Amino acid sequence: MSQLIKNSDITKDEENIITPILPTYARADITFERGDGVYLYDINDQKYLDFGSGIGVCNLGHNHPALVKALCNQASKLWHTSNLYNIKGQEELALKLVEATFADSMFFTNSGAEAMECAIKMTRKYHYDKGQPDRQRIITFEGCFHGRTLGTIAAAGTEKLTKGFGTMLEGFDILPFYNDMAKVEKSITEHTAAILIEPIQGEGGIRPVSKENLKILRELADQHNILLIFDEVQCGMGRTGHLFAYQASNVMPDILASAKGIGGGFPLGVCMANEKVSHAMTAGTHGSTYGGNPLAMAAGNAVIGVMLEEGFLDHVLKMSEVLKFELLRLRKEYPTIIDVVRGSGLMLGLKLHIDPALFFNQAREYKILLIPASDRTIRLLPPLIISKQDIKTAMQALSKTCCYLMKNMPAEKDGEE
Ligand SMILES: *Cc1c(COP(=O)(O)O)cnc(C)c1O
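Residues numbered from 1 in each chain as written. Predicted model: local features only at pLDDT ≥ 70, side-chain atom pairs only at ≥ 80, totals over all residues. Heavy atoms only, no water.

## Points about the site of the ligand
Thinking step 1. Around the ligand, the neighbouring residues are S111, G112, A113, F145, H146, G147, E198, D231, V233, Q234 and K260.
Thinking step 2. A distance of 2.8 Å is found between an oxygen atom of the ligand and a backbone nitrogen or oxygen belonging to A113.
Thinking step 3. At a separation of 2.7 Å, an oxygen atom of the ligand approaches a polar side-chain atom of Q234.
Thinking step 4. Contact with the protein chains covers 82% of the free accessible surface of the ligand, which is 380 Å².
Thinking step 5. Among the residues forming the shell around the ligand, the class breakdown is three nonpolar, five polar and three charged. (Near = heavy atom within 4 Å. Polar contact = N/O pair within 3.5 Å; in protein donor to acceptor, adjacent residues only side chain to side chain. Areas by Shrake-Rupley, 256 points an atom, 1.4 Å probe, with all protein chains shown as cover. Nonpolar A, V, L, I, M, F, W, Y, C, P; charged D, E, K, R; others polar.)

So, in structure tokens, the structure goes:
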């Protein structure tokens, strides 16, 4: 059994320790017991301001009364029936999403990676049905993250995700991050099926794609009869102050995957498509035992119900302005710590001059929870219900963090990732 965790990175002493949970995460040593709005409380009743939302999931904060009520009501009625029968909640949620977005049809999943898998399968099937089975390749971009299944790690292609996992799914052409549109055009061949992009990279370090480039990608897709897929697993569901990030531009995808915020903490994802692509998925072509079950749908319908209430998304934009302004001020005060402030809505990132893990750990000492990302970035993904007062509290903690790091940091080593 000790073979299971045998790894050249692990020292001799640790080699024989086997834990009941596979140690795939380097976890902070905190256990939370309850949540209330934007706050989490640990087992010692220490209170933390949650600016991570469980990685952009609890977009309505913790213990939201509408969500608790919807889930408790459903829990006492019916949990699960399988997709062998109609599920009323699915039709309800799908109709709301059809009305609010580009989509004409959709498939509910339990996670973001599953939504992306559905997007990849749908893309291939679409071209297959058109008599072009060789159009299977999907263009993706460095720094992207689409999940941890074999298909989605192949889409990202980094060694960090793929090393040790053997033969990867064929068919991804990974290009440098977004700004070289001429390169994208050159990379489209008769085998290209789609372009897949996150309108704002999350794990990659809160790196937004400009509206102009999204528009060019749409035009390229149209010219070459290929599909445009948006991964809005992280930037969707109100995060940017729009229900979906693409809605800030006039650029519509053919397929969009979302998850994270859509269930407010209940495992739920969705793969949405326009009419022409939806025709590819007929009875028997795809499935999920749990996907879109009555409990998940109760959560999903409650989340979107709150988000579509008058003023909800405006609040996100307002709080975004306040927070961004304060973060820019913080950067001015600590230019040796913070390099760039970027992102939109309440999906904001601080590109740092230092290792984001140091920032993340120190901030936690001051009772604010953040999330590190690639490209030396620390992510701020607060619940969308934050108030000005919460932002004030956050800024005090972030200020202290910067101050501490400035006093205690070794000299900056530039150019090091
Ligand atoms: C988190 C994430 C995923 C994967 O979602 P899971 O629910 O963890 O499978 C895919 N794409 C993006 C952009 C994400 O942020």
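Read on for the rest.
## Concerning the domain arrangement of the protein
Thinking step 1. Partitioning the protein into structural domains gives domain 1 (7-63 + 311-408) and domain 2 (65-307).
Thinking step 2. Each of domain 1 and domain 2 has a C-alpha centre, and these two points are 26 Å apart.
Thinking step 3. Taken together, the 29 residues of domain 1 in the interface contact 29 residues of domain 2.
Thinking step 4. Counting the surface domain 1 buries against domain 2, the share from its top three residues, L60, L313 and M347, is 28%.
Thinking step 5. At the junction of domain 1 and domain 2, the tally comes to one salt bridge.
Thinking step 6. Where R379 meets E203, a salt bridge forms, and the shortest distance between an N and an O atom there is 2.8 Å.
Thinking step 7. When residues of the side of domain 1 that touches domain 2 are traced back to their parent elements, those giving at least two are α2 (53-56), α12 (312-333), β13 (338-344), β14 (347-352) and β17 (377-380).
Thinking step 8. Considering each element in turn, the side of domain 1 that touches domain 2 owes the most residues, four residues, to α12.
Thinking step 9. Among the residues making up the side of domain 1 that touches domain 2, the classes are represented as 16 nonpolar, 10 polar and three charged. (Domains from an automatic or database assignment. Contact = heavy atoms within 4.5 Å. Buried area = accessible area lost by both parts, 1.4 Å probe. Salt bridge = Lys/Arg side-chain N within 4 Å of Asp/Glu carboxyl O. Helix = DSSP H or I, 4+ residues; strand = E, 2+ residues; numbered from the N terminus.)

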